[in-house]
Amino acid sequence: MVKLNLDILSENNRLAERNRGWFEAKHVLALNMVSSPGSGKTSILESTIRSMVETQKLFVIEGDQQTTRDADRIEKSGAPAIQINTGSGCHLDGNMIHLALKKLEIPEHAILFIENVGNLVCPAMFDLGEQKRVVVISVTEGDDKPLKYPYMFETSHLCIINKTDLLPYVDFKVETAMKYARQINPNLEFIMVSVKTGEGMDEWYEWLKKQLQVL
Ligand SMILES: Nc1nc2c(ncn2[C@@H]2O[C@H](COP(=O)(O)OP(=O)(O)O)[C@@H](O)[C@H]2O)c(=O)[nH]1
Ligand SMILES: [Mg+2]
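These numbers come from a predicted model, not from an experiment.

Caption draft 1: Here's a closer look at the pattern of salt bridges. For the coordinates displayed, the defined rule picks out ten salt bridges. Across the pair arginine 73 and glutamate 46 runs a salt bridge, and its minimum N-O distance is 3.0 Å. Placement of the pair is arginine 73 in helix 3 (residues 69-77) and glutamate 46 in helix 2 (residues 41-52), with a sequence separation of 27 residues. On the basis of relative accessibility, which here comes to 14%, the residue glutamate 46 falls in the buried class. The residue arginine 133 makes a salt bridge to glutamate 130 at a minimum N-O spacing of 3.0 Å. Judged on exposure class, the residue arginine 133 and its partner glutamate 130 are both buried. By sharing partners, the salt bridges in this structure join Glu17, Arg20 and Asp127 into a single network.

What follows is the structure, given as structure tokens:
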């Protein structure tokens, strides 16, 4: 059983490296957006697309178990999107991204957002070849999530804390969440946002621009 798990992951890692080479050759910034269901990944992407699409080439791969709802939302906001339905699967993998890349026809210097299946466990195990992993948590989820799902926070580069407009109504201590996450990953960056009010979104756009500069 252990051997089988290792084999699945090593095959995925091989395919992820192939994707990473493809992104590097085309100077494409690929971001793997991970979170529990409902933390606001699609909402963040919709706002980002509306704000940046005039000046930046943006593409989205949407992962969900069923439906094309998120890809439809993304397309409405103005960027090409492809939906991958994983069925009973709880994460995207390197081969799914490889197949989606063939269909999307992404030009050089684009940003590719990959919205993973909402789940703080399985997607952490599967490298997709992305340059950066962005974990989104929302203030309604509780500030102990970094302790309960450490591998996701350990493997992420940026943590977006969303729905700050709801902070007055919930028992979520931003400092506590950050402290727990830093215990696991001292290099993790944080941006606090509210998609609803727009607070913090400029900082996120600046972070994206900074990543493009170092490609
Ligand atoms: N109050 C509030 N609600 C939000 C915010 N961002 C997203 N939502 C809501 O949270 C729900 C889930 O958002 P969605 O983007 O579908 O999350 P996803 O499952 O991570 O893609 C939707 O009802 C959104 O309108 C926010 O900043 N503040
Ligand atoms: Mg979504």
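Caption draft 2: The site of ligand 1, seen in detail. Taken together, 17 residues are adjacent to ligand 1, and Gly38, Lys41, Thr42, Ser43 and Asp165 come closest. At 3.3 Å, a backbone N or O of serine 39 approaches an oxygen atom of ligand 1. Isolated, ligand 1 exposes 580 Å² of accessible area, and the fraction of that covered by the protein chains is 71%. The biggest single contributor to the shell around ligand 1 is helix 2, with three residues.

Caption draft 3: A look at the packing of aromatic side chains. This structure, assessed with the given rule, holds three aromatic pairs. Judged by centre distance (5.8 Å) and plane angle (80 degrees), the rings of tryptophan 22 and phenylalanine 23 are edge-to-face. Judged by relative accessible area, which is 29%, tryptophan 22 ranks as partly exposed. According to the relative accessible area criterion, phenylalanine 23 is buried, its value standing at 0%. Ring geometry for phenylalanine 113 and tryptophan 204: centres 6.4 Å apart, planes at 45 degrees, overall tilted.

Each value, and the rule that gives it
Residues numbered from 1 in each chain as written. Chains lettered and ligands numbered in written order. Predicted model: local features only at pLDDT ≥ 70, side-chain atom pairs only at ≥ 80, totals over all residues. Heavy atoms only, no water. Salt bridge = Lys/Arg side-chain N within 4 Å of Asp/Glu carboxyl O. Helix = DSSP H or I, 4+ residues; strand = E, 2+ residues; numbered from the N terminus. Buried < 20%, exposed > 50% of the residue type's maximum accessible area, 1.4 Å probe, protein only. Near = heavy atom within 4 Å. Polar contact = N/O pair within 3.5 Å; in protein donor to acceptor, adjacent residues only side chain to side chain. Areas by Shrake-Rupley, 256 points an atom, 1.4 Å probe, with all protein chains shown as cover. Phe/Tyr/Trp six-rings, centres within 6.5 Å; stacked < 30°, edge-to-face > 60°.

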